[in-house]
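Listed below are the residues making up each chain.
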Amino acid sequence: MYKSRKRLLILDADGTTIDAFSAIEAAFSRHGLDIGDEARFQKRHNLFKYLGGLKEFPSIIKKNLRKNSRARLVDSLTEVYRQEAAMYDGIPDLVRELIAAPDVVVGMVTRNITNEPLETLRQLFQRHDIDINALDFLVHIPLSEKKTSQFRAIREQFGINPARAYVCGDEHKDFVAASSTGMHPFMVSYGFEDYDRLTEKFEIPHELIARTSGELCQRVRHALDLGGRRAGALSTRTRTAAR
C-alpha cells in the first residue's frame, strides 16, 4: 500500500522551531514600536499576519506602521532573522538528529514573511550549524494558502503511511491541517497561540501540547524512537551482564 516504511516529520518554522516573537519584537523596536509582552501577543488572533491587515493592532501601532511603511518593517524583520533570530532551546540538536536518522524523512513547511524567505531560513539555520539543504524538503507557501494540500502532497511524494507521519505546529490551523491529512500533530503552546487558546477555544487535547521546546523534543524523540537502538543495545548488555 505504501512504498516506504520510513517515518515523516513536518516541522513548522515561526513559533515552533524559531523564536519568532523575539525577532518580531526586535524588528518593531527598530522603528520605535512596542508590540507588548508575549502573553498579550499570543492572544491576538493572526497578529503575525500584520502585512495583510492591521485590525488586531492598537491604534498607535497602526498609525506608526503607516508612517514607517510595511516594506521597511519587512526589511528590518529580514535582517533580524538572518543575523540575530534564534531557534528555541534544544531544537537545533533535535533537527540535526532528525536529519541524521536514516529512517526519518524530515523537512519544513513555512509561511515565513521575510524577504526571500528560503534564503532567510538558510542563513538562520546556518548560524545554528544546520545545513538546510540536508532537509528532505523545504516548502514556502503564501499566507492565504492552507497547509493541508502541502502536507498531503509531501506525504504522498514519499509514499509514507499517514499513521507514520507527524506534524509540529503552534497554531490551531496546524492541528486542523495535520488531522485532515491523517497525521499525528505535535502541538506547542509557546509560539503564536497560548495553551488556553489552544485548549479552550479550539478544544485541542492537552495531551498533544508541549509547553516548552524541551518537552517537544522529548515527545518527538520518544515517538520516533530516536536513540532507541542505542538504548536497546545498552539494555541488552545490562541483561547479559546480570546473567
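Rules used throughout
- Residues numbered from 1 in each chain as written.
- Predicted model: local features only at pLDDT ≥ 70, side-chain atom pairs only at ≥ 80, totals over all residues.
- Heavy atoms only, no water.
- UniProt positions renumbered as here; feature names shortened; annotations may be inferred.
- Helix = DSSP H or I, 4+ residues; strand = E, 2+ residues; numbered from the N terminus.
- Contact = heavy atoms within 4.5 Å.
- Buried < 20%, exposed > 50% of the residue type's maximum accessible area, 1.4 Å probe, protein only.
- Arc of directions from axis to C-beta.
- Disulfide = S-S within 2.5 Å.
- Core = buried A, V, L, I, M, F, W, Y, C linked by side-chain atoms within 4.5 Å.
- Phe/Tyr/Trp six-rings, centres within 6.5 Å; stacked < 30°, edge-to-face > 60°.
- Lys NZ or Arg CZ within 6 Å of the ring centre and 35° of its normal.

Per an unreviewed UniProt entry, the recorded name for the protein is phosphoglycolate phosphatase, and the organism is Massilia pinisoli. Reading the Sequence similarities (unreviewed entry) entry of the UniProt record for the protein gives the comment "Belongs to the HAD-like hydrolase superfamily. CbbY/CbbZ/Gph/YieH family." According to its UniProt record, the protein has this under Pathway (unreviewed entry): "Organic acid metabolism; glycolate biosynthesis; glycolate from 2-phosphoglycolate: step 1/1."

This part takes up the environment of Phe 137. Mapped onto the elements of the fold, Phe 137 is located in strand β3 (residues 137–140). Taking the C-alpha atoms as reference points, Phe 137 and Val 106, separated by 31 residues in sequence, lie 7.1 Å from one another. When neighbours within four sequence positions are excluded, Phe 137 is seen to be in contact with Leu 8, Leu 9, Ile 10, Val 105, Val 106, Gly 107, Met 108, Val 109, Ile 154 and Phe 158.

Buried within helix α1 (residues 20–29) we find Ala 20, Phe 21, Ala 23, Ile 24, Ala 27 and Phe 28. In a view along the axis of α1, the buried residues occupy a sector of 165°, so they form one face of it.

Note: disulfide means a covalent bond formed between the sulfur atoms of two cysteine side chains. Throughout the structure, instances matching the rule amount to zero disulfides. Cys 168 carries a free sulfur, and the closest cysteine sulfur to it, the one in Cys 217, is 9.0 Å from it. Residue classification places Cys 217 among the buried residues on the basis of a relative accessible area of 3%.

What follows covers the nonpolar core. Counting residues in hydrophobic clusters, the biggest one holds 46 residues, and the most contacted among them are Leu 9, Leu 98 and Leu 216. Take this core: its biggest share by element is six residues, from α1. Ignoring sequence-local partners within four residues, the contact set of Leu 216 consists of Thr 16, Ile 91, Cys 168, Phe 186, Val 188, Tyr 190 and Ala 210. In this structure, Val 139, Ala 165, Val 167 and Ala 178 belong to the second largest nonpolar core, which totals 16 residues.

Throughout the structure, instances matching the rule amount to three aromatic pairs. Between Tyr 88 and Tyr 190, the aromatic rings sit 4.6 Å apart at their centres with planes inclined by 65°, giving edge-to-face as the arrangement. Of the two residues, Tyr 88 sits in the loop between α4 (70–83) and α5 (91–100) while Tyr 190 sits in the loop between β5 (184–188) and α9 (195–201), which places them 102 residues apart along the sequence. Neither residue differs from the other here; Tyr 88 and Tyr 190 are each classed as buried. Between Tyr 166 and Phe 186 the ring centres are 5.4 Å apart and the planes differ by 20°, which places this aromatic pair in the stacked class. Here the residue Tyr 166 occupies a position in strand β4 (residues 165–169), and Phe 186 occupies one in strand β5, the gap between them amounting to 20 residues. Exposure class is identical for Tyr 166 and Phe 186. Each is buried. Of note, Arg 211 hangs over the ring of Tyr 195, and the distance from its end group to the ring centre comes to 3.6 Å.

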